[in-house]
Amino acid sequence: MGPLIPQGIIPMGWDFVIALLIGIAFGFVLEASGFSSSRNITGVFYGYNFVVLRVFFTAVVVAMIGLQYFDYFGWIDLNQIYVLPTYLSPMIVGSIIMGVGFVLGGFCPGTSYTAIAIGKIDAMVFTGGLFLGIFLFSEFFPFFEQFYYSGNMGSITIGEFFGISNNLVTLIFVVIAVIAFYVTWRIELRVRKNMTQYKF
Amino acid sequence: MNQEIVIQDRPKYINPYFGGVLLGLVLLITFYITGRGLGASGAVKSAVVTTVDKVAPEHAEQNTYMKAFITDDHSPMFNWLVFESFGIFIGGLLSGALFGRIKKLRIEKSPNITNKTRLFAAGIGGILFGIGSQFGRGCSSGAALSGSASSSFGGLLVMLLMFGTGYVVAYFFRKLWI
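Residues numbered from 1 in each chain as written. Chains lettered and ligands numbered in written order. Predicted model: local features only at pLDDT ≥ 70, side-chain atom pairs only at ≥ 80, totals over all residues. Heavy atoms only, no water.

Novice: Lay out the overall build of chain B in plain terms, naming residues and giving numbers.
Specialist: The number of helices and strands found in chain B is eight helices and zero strands. When the helices and strands of chain B are read in sequence order from the N terminus, they spell out α-α-α-α-α-α-α-α. On the principal axes, the C-alpha backbone points of chain B span a range of 65 × 40 × 35 Å. The 178 residues of chain B split such that 53% are buried. Here the contacts in chain B between residues at least 6 apart in sequence split such that 54% fall between residues at least 24 apart. Per element, the accessible surface of chain B, about 8,200 Å² overall, is 66% carbon and sulfur. Side-chain charges in chain B split into 16 positive and 9 negative, and the spacing between the mean points of these groups amounts to 14 Å. (Helix = DSSP H or I, 4+ residues; strand = E, 2+ residues; numbered from the N terminus. Buried < 20%, exposed > 50% of the residue type's maximum accessible area, 1.4 Å probe, protein only. Contact = heavy atoms within 4.5 Å. Areas by Shrake-Rupley, 256 points an atom, 1.4 Å probe, with all protein chains shown as cover. Lys, Arg positive; Asp, Glu negative; His and termini not counted. Charge placed at Lys NZ, Arg CZ, Asp CG, Glu CD.)

Below you can see the structure in the form of structure tokens.
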């Protein structure tokens, strides 16, 4: 029964080999889907290319459904799955900062690594910026240490927050995803009709 | 005008829904094997801590944020996310090679802006993403994607607010892209 490494079914020694293999698969899918191009990615904000939404939402839904079924079949112990803890106010601030960075930079960290791999200088500068940003954060950490740990809600799940089961959350996600796929497909058709110069 | 030529020039990407299913399966397998999701910004954090620790070890030890990642028995680079992120790079290389997208060094940008503007925006974007990902406990991979998939409320929050903010500010930066 999974998860395999925390249960000791795969020894810890394999951890980094598996990390590398998983990373390769992750990077391959990101690049092959077109995430090594910043203009592809930012298309989601201007309506000319919703590839980010399609890949992202499909992946979330597939993994969510997968985890629920693995749990149902008894293949995985969901209690041993890491649920990212929620720190309400710092997370809100962090996401807003990342949102601005997303539109300015055109990448997120993972996608910038794949863009570097195919020779994009802008991605190298973006990753350099990441390094600098995390360095600045660390240096000035004492000034906002209290804020950083504020609003701790622990490892609360979406279902727990809204008082519904996570199976229902998954179903709602699927419905929203399908609607989003249809609506954005229509928007994209309309926006692209008016664009003559668009080249990925 | 030359729209047809432009469309022919389009690089060949896999179908986004197929890509999404593959990404979802990679994520599911990652949860099944390791009990945790994917990540990307964590590797840069390890690189920052390692660099500061090498250049100014006392300074790193005194920093309340960095010292948590420093141990005596191994380098902060000896970390799951560092190996995984190195894999992301290799995976990008493999896909890029397979689809013929590895070319000489280049800058991708809107024709309406200069290279300098693009690189400046990319640098600032990176800095903001670096700072934001620390407050957000992860970036698009660790918090938004893996967090949401494991039904974390924080993950959903980061996903919605990150993309939501993107839509709010996109208008002001439209020259960068369209």
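Novice: Tell me about the packing of helix H4 (residues 88-105) of chain A against helix H6 (residues 115-135) of chain B, residues and numbers included.
Specialist: One way to put it is that H4(A) packs onto H6(B) with a least axis distance of 7 Å and a crossing angle of 165 degrees. When the interaxial angle is binned, H4(A) and H6(B) end up roughly antiparallel. You can see that H4(A) and H6(B) cross each other, and the crossing is left-handed. Mapping the contact onto sequence places Pro90(A), Met91(A), Gly94(A), Ile97(A), Met98(A), Val100(A), Gly101(A), Phe102(A), Leu104(A) and Gly105(A) in H4(A) and Arg118(B), Ala121(B), Ala122(B), Ile124(B), Gly125(B), Leu128(B), Phe129(B), Ile131(B), Gly132(B), Ser133(B) and Phe135(B) in H6(B). When grouped by side-chain class, the residues that make up the contact of H4(A) with H6(B) number 14 nonpolar, six polar and one charged. (Axes fitted to C-alpha atoms, helices over the stretch in contact; angles between N-to-C directions. Parallel < 35°, antiparallel > 145°, perpendicular 65-115°, else oblique. Left-handed = near helix turned anticlockwise from the far one by under 90°. Nonpolar A, V, L, I, M, F, W, Y, C, P; charged D, E, K, R; others polar.)

Novice: Residues and numbers for the domain arrangement of chain B, please.
Specialist: Residues and elements named next belong to chain B. Entries for chain B in the domain assignment read domain 1 (12-103) and domain 2 (104-178). Taking only C-alpha atoms into account, the centre of domain 1 sits 17 Å from that of domain 2. Every contact between the two is made by 12 residues of domain 1 and, on the other side, 13 residues of domain 2. Buried surface at the junction of domain 1 and domain 2, both sides included, amounts to about 870 Å², of which 61% is carbon and sulfur. Taken together, the connections running from domain 1 to domain 2 amount to zero salt bridges. At the level of secondary structure, the elements contributing two or more residues to the side of domain 1 that touches domain 2 comprise helix H2 (16-34) and helix H3 (41-55). If you tally residues by element for the side of domain 1 that touches domain 2, the top one is H2, at three residues. Taken together, the residues of the side of domain 1 that touches domain 2 sort by class into six nonpolar, three polar and three charged. (Domains from an automatic or database assignment. Buried area = accessible area lost by both parts, 1.4 Å probe. Salt bridge = Lys/Arg side-chain N within 4 Å of Asp/Glu carboxyl O.)

Novice: Help me get a handle on the interface of chain A and chain B, residues and values and all.
Specialist: Contacts between the two partners involve 125 residues from chain A, matched on the other side by 124 residues from chain B. Between chain A and chain B the total buried area reaches about 11,400 Å² when both faces are included, carbon and sulfur atoms providing 76% of it. For the pair chain A and chain B, the number of links is three salt bridges. The residue Asp122(A) makes a salt bridge to Arg118(B) at a minimum N-O spacing of 3.0 Å.

Novice: Can you break down the packing of aromatic side chains residue by residue, with the values?
Specialist: A ring pair, where both rings are aromatic, is described by two values, the distance of the centres and the angle of the planes. Taken as a whole and assessed by the stated rule, the structure comprises 40 aromatic pairs over all chains. Both rings, one in Tyr148(A) and one in Tyr65(B), keep their centres 5.7 Å apart while their planes meet at 85 degrees; by these two values the pair is edge-to-face. Linking Tyr148(A) in helix H7 (residues 141-148) with Tyr65(B) in the loop between helix H4 (57-62) and helix H5 (80-98), this pair reaches from one chain into another. The burial state of Tyr148(A) is the same as that of Tyr65(B); both residues are buried. A ring pair is formed by Phe181(A) and Tyr17(B), whose centres lie 4.9 Å apart and whose planes are at 75 degrees; its orientation type is edge-to-face. Separated into two different chains, Phe181(A) in helix H9 (residues 166-193) and Tyr17(B) in helix H2 make up a pair that spans both. Given a relative accessible area of 31%, Tyr17(B) falls into the partly exposed group. In textbook terms, an aromatic cluster arises when at least three aromatic residues are bridged by ring pairs, as seen for Phe137(A), Phe141(A), Phe144(A), Phe147(A), Tyr148(A), Tyr149(A), Tyr65(B), Phe69(B) and Phe135(B). For the cation-ring pair, Arg137(B) lies above Tyr148(A), with the distance from its terminal atom to the ring centre recorded as 3.6 Å. (Phe/Tyr/Trp six-rings, centres within 6.5 Å; stacked < 30°, edge-to-face > 60°. Lys NZ or Arg CZ within 6 Å of the ring centre and 35° of its normal.)

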